[in-house]
Amino acid sequence: MDYKELVKEAFKALENAYAPYSNFKVGACVLCKDGTTFYGANVENASYGAAVCGERNAIFAAYSNGYRKEDIKAIAIVTNGTKNVGYPCGICRQVFCELLEDETPIVLSNGTDIVITNIIEILPNSFSSKDLE
Ligand code: THU
């Protein structure tokens, strides 16, 4: 599956977003090296702080099914028709810092543009398990 197809899969996940408060839908798809895909969408709550982002739901789904960072080929994260692609929030970057390999492609799209980045690029000088040694 190429990045364009992976973005298409992430848009399928976006359809399942539960975002009645922000009306801002995010979809994500994790592609594993064996071809397995895991989907995630943002899920909000009347207690706003209880919302979970789409990309975190997708990567947690992969981990919950036994996949680990070395098994993951790429993740796509999409928003629908926004002016710019949606970069992951700070909490999601911290989660990716732990759960993705440094160079794993993070593919962002708003349906028009595609940006390919990785966690080293978007979370430099991170705090990680290494700092706990
Ligand atoms: N959101 C995501 O799903 N991913 C991000 O990286 C940024 C924000 C969601 C959370 C909330 O449901 C909505 O977008 C507005 O913040």
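What you see is a predicted model; the values in this text were computed from it and never measured.

Visitor: With reference to specific residues and values, describe the sheet that holds strand β2 (residues 37–41).
Guide: Ordered in space as β2-β1-β3-β4-β5, the five strands form an open sheet in which the pairing is mixed. Looking at the sheet topology across the chains shown, the edges are occupied by β2 and β5 (114–117). Neighbour-to-neighbour, the strand axes of this sheet turn through a mean angle of 15°, independent of strand direction. Where strand β3 (residues 72–79) lies against strand β4 (residues 106–109), four bridges are found, and the strand directions are parallel. When the bridges of β4 are listed, I77 appears paired with L108.

Visitor: Any details on the site of the ligand? Residues and values, ideally.
Guide: Neighbouring the ligand are the residues S22, F24, V26, N42, E44, C53, G54, E55, Y87, P88 and C89. C89 is positioned with one of its backbone polar atoms (N or O) 2.9 Å from an oxygen atom of the ligand. Alone, the ligand offers 370 Å² of accessible surface; in the complex the protein occludes 77% of this. Its residues assigned to classes, the shell around the ligand comprises six nonpolar, three polar and two charged.

Visitor: Describe in detail the pairing of β4, supporting the description with residues and values.
Guide: Burial along β4 is two-sided: I106 and L108 and V107 and S109, pointing in opposite directions, are all buried. On the question of chirality, the crossover connecting β3 to the parallel β4 by way of helix α3 (residues 90–99) is right-handed. Where β4 lies against β5, four bridges are found, and the strand directions are antiparallel. When the bridges of β5 are listed, S109 appears paired with I114. The turn linking β4 back onto β5 is made up of four residues, and G111 within it adopts a positive phi angle of 95°.

Visitor: Residues and numbers for helix α2 (residues 54–64), please.
Guide: The element α2 is extensively covered by neighbouring structure, given that eight of its 11 residues are classed as buried. For α2, every residue scored as buried is listed here: G54, E55, R56, A58, I59, A61, A62 and Y63. G66 sits one or two positions beyond α2 and adopts a positive phi of about 95°.

Visitor: Run through the pattern of salt bridges, naming residues and quoting values.
Guide: If the charged atoms of two oppositely charged side chains come close together, the side chains can form a pair. Within the structure shown, the criterion is met by one salt bridge. Here E9 and K12 are joined by a salt bridge, their closest N and O atoms 2.9 Å apart. Remark: K12 and E9 occur in helix α1 (residues 3–14); sequence separation between them is three residues, near one turn of the helix.

Visitor: Can you break down α1 residue by residue, with the values?
Guide: The end-to-end C-alpha distance of α1 is 16 Å, a good match for the 16 Å that 12 residues give at a rise of 1.5 Å each. For α1, the complete set of buried residues consists of L6, V7, E9, A10, A13 and L14. The arc that holds the buried residues of α1, viewed along the axis, is 160°, so those residues lie on one side. Within α1, the exposed residues directed more than 90 degrees away from the buried face are K4 and K8. Residue D2 occupies the N-cap position of α1, its side-chain oxygen lying 3.2 Å from the main-chain nitrogen of K4.

Calculation criteria
Residues numbered from 1 in each chain as written. Predicted model: local features only at pLDDT ≥ 70, side-chain atom pairs only at ≥ 80, totals over all residues. Heavy atoms only, no water. Pairing = 2+ DSSP bridges. Helix = DSSP H or I, 4+ residues; strand = E, 2+ residues; numbered from the N terminus. Axes fitted to C-alpha atoms, helices over the stretch in contact; angles between N-to-C directions. Near = heavy atom within 4 Å. Polar contact = N/O pair within 3.5 Å; in protein donor to acceptor, adjacent residues only side chain to side chain. Areas by Shrake-Rupley, 256 points an atom, 1.4 Å probe, with all protein chains shown as cover. Nonpolar A, V, L, I, M, F, W, Y, C, P; charged D, E, K, R; others polar. Buried < 20%, exposed > 50% of the residue type's maximum accessible area, 1.4 Å probe, protein only. Right-handed = clockwise from strand over helix to strand, strands pointing away. Salt bridge = Lys/Arg side-chain N within 4 Å of Asp/Glu carboxyl O. Expected span 1.5 Å × (residues − 1). Arc of directions from axis to C-beta.

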